[in-house]
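# Fold and contact review
Listed below are the residues making up each chain.
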Amino acid sequence: MACMALSGMKDRYVHGSSEKEQRRLALMNKLINQACLRALDPGGEEFVLDVGCGTGEFTRAIARCLPGSSKVIAIERDPAQLATAVDRALADQEADLVDFRVGEAAFLPLRQNEMGRFDLAHTRFLLEHVNNPLSVVETMFEAVRKGGRIVLADDDHDTLRLWPEPPGVMDAWRAYFETYRKNGNDPFVGRKLVQLLHQVGAEPQKNTLVFYGGCAGMREFKGIVHNLYEVLGGAAEEVIQAGLMSEKKYIDALYALRDFSRRPDAALWYGISWAEGMKPRYK
Ligand SMILES: C[S@@+](CC[C@H](N)C(=O)[O-])C[C@H]1O[C@@H](n2cnc3c(N)ncnc32)[C@H](O)[C@@H]1O
């Protein structure tokens, strides 16, 4: 725990942990968890680690795929986020499914007999929010056993395309991800996931894009656009205060995005970068 004081506390999770943000996370999990589970394909693992678990929905979705004897540990830095993860698990009568622990991704609060034992270490949408993603992947590499899997899923903000393009929205999107750079984070970390795996000594095994888009006519479409709306809306103050876009232009862009969600010809294209590596068996 002493390490936590020295750790990357200067990393700032731009979205925070308000009730509104936690509702957004719940919506996002509902929209993408099945596709992310298909990519992850859990099942054989008995000891699993999820780093930066947020409100824990995806950790529990993973845990449900595993044998009854398995153990899943989830790490989250923000106590408010973790409290909601525990409450949501309790409400779904899954209190024992996951061991939720408060802690810092680069200094995992694991016991000595847990380190180097995990069959799978997973993280989603965390590396984009830390100043030193490599150190997080290093700790995940340390945590898995030889032959274990390390799975990284994260954003490359450049993959977003909306068509017909609503006026101002791509400018607002770019201003939003410029706040990442301002905070020392990397909005394009998604494209670097395989390189990060290689850098820590893992053997890359697979990469893919998990589709997180949709079009008019799809049941989920309004939810997908709403998530984007909430992401941009939640960052409004930071974007405007940093002078990255004027308040008027930003708000106009949000209105344009809302109108876009009602168009009969609208399409949103986005891919979550996803990569898997293995800790070498013989090194
Ligand atoms: C976008 S949320 C993703 C949550 C979850 N992985 C998911 O996909 O639903 C990112 C989470 O990472 C947490 N986080 C940010 N920096 C962290 C760090 N250095 N160590 C641990 N958790 C961190 C945030 O508090 C937030 O809950």
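Here's a quick rundown of the structure. (Residues numbered from 1 in each chain as written. Predicted model: local features only at pLDDT ≥ 70, side-chain atom pairs only at ≥ 80, totals over all residues.)

## As for the site of the ligand
Surveying the vicinity of the ligand reveals 21 residues, the closest of which are Gly52, Gly54, Arg77, Ala105 and Phe125. For the shell around the ligand, the secondary structure elements donating two or more residues are α2 (19-40) and β2 (71-76). Partitioned by chemical class, the residues of the shell around the ligand number nine nonpolar, six polar and six charged. (Near = placed C-beta within 6 Å. Helix = DSSP H or I, 4+ residues; strand = E, 2+ residues; numbered from the N terminus. Nonpolar A, V, L, I, M, F, W, Y, C, P; charged D, E, K, R; others polar.)

## Comments concerning the sheet that holds strand β9 (residues 267-269)
Spatial strand order, β6-β9-β8: three strands in an open sheet with antiparallel pairing. The outermost strands of the open sheet, each flanked by one partner alone, are β6 (161-163) and β8 (214-215). Summarising the sheet, β8 and β9 pair through two bridges and their orientation is antiparallel. The residue bridging glycine 214 from the neighbouring strand is leucine 268, located in β9. (Pairing = 2+ DSSP bridges.)

## Details of the packing of α2 against helix α3 (residues 57-64)
Packing of α2 against α3 brings their axes to within 9 Å, and their N-to-C directions diverge by 35°. Of the two elements, α2 crosses α3, and the hand of that crossing is right-handed. Each of Ala26, Asn29, Asn33, Cys36, Leu37 and Leu40 in α2 lies in contact with α3, whose residues at this interface are Glu57, Phe58, Ala61 and Ile62. A per-class count over the contact of α2 with α3 returns seven nonpolar, two polar and one charged. (Axes fitted to C-alpha atoms, helices over the stretch in contact; angles between N-to-C directions. Left-handed = near helix turned anticlockwise from the far one by under 90°. Contact = placed C-beta atoms within 7 Å.)

## Structural notes on the nonpolar core
In this structure, Val72, Ala121, Val136, Met140, Ile150 and Leu152 are the most contacted members of the largest nonpolar core, which totals 74 residues. The element that contributes the greatest number of residues to this core is helix α6 (residues 169-182), accounting for seven residues. If sequence neighbours within four positions are ignored, leucine 152 has contacts with Thr123, Leu127, Val137, Leu193, Leu196, Leu197 and Ala275. (Core = buried A, V, L, I, M, F, W, Y, C linked by C-beta atoms within 7 Å. Buried ≥ 20, exposed ≤ 12 C-beta atoms within 10 Å, placed from the backbone.)

## Here we look at the sheet that holds strand β5 (residues 144-154)
The mixed open sheet is built from seven strands, whose spatial order is β3-β2-β1-β4-β5-β10-β7. Edge positions in the open sheet fall to β3 (99-102) and β7 (203-211), since each of these has one partner strand only. Direction aside, neighbouring strands of the sheet carry axes that sit 15° apart on average. With four bridges connecting them, β2 and β3 associate as parallel partners. Opposite isoleucine 73, over in β3, you have aspartate 99 as the bridge partner. Of the strands in this sheet, β2 and β3 touch helix α4 (residues 79-91), which is tilted by about 165° from β3.

## Examining the environment of aspartate 158
Summarising the element assignment, aspartate 158 is placed in the loop between β5 and β6. Look at aspartate 158 and you get partly exposed, because 13 C-beta atoms sit within 10 Å.

## A closer look at the environment of proline 109
The topology assignment puts proline 109 in the loop between β3 and β4 (118-124). Distance in space between the C-alpha atoms of proline 109 and alanine 74 is 10.0 Å, their sequence separation being 35 residues. The residues contacting proline 109, other than those within four sequence positions of it, are Ile75, Arg101 and Gly103.

## Looking at the pairing of strand β1 (residues 47-51)
Taken across its five residues, β1 has five buried, putting it largely inside the fold. Here β1 shows no split at all, with Phe47, Leu49 and Val51 on one side and Val48 and Asp50 on the other all buried. Where β1 meets β2, five bridges bridge the pair, whose relative direction is parallel. Residue phenylalanine 47 lies in a different strand from β2, and its bridge partner there is lysine 71. In this fold, the crossover linking β1 to β2 by way of α3 has right-handed handedness. Where β1 meets β4, four bridges bridge the pair, whose relative direction is parallel. Residue pairing in the sheet places aspartate 50 in a bridge with histidine 122 of β4. (Right-handed = clockwise from strand over helix to strand, strands pointing away.)

These values are about where atoms sit, not about what they do.
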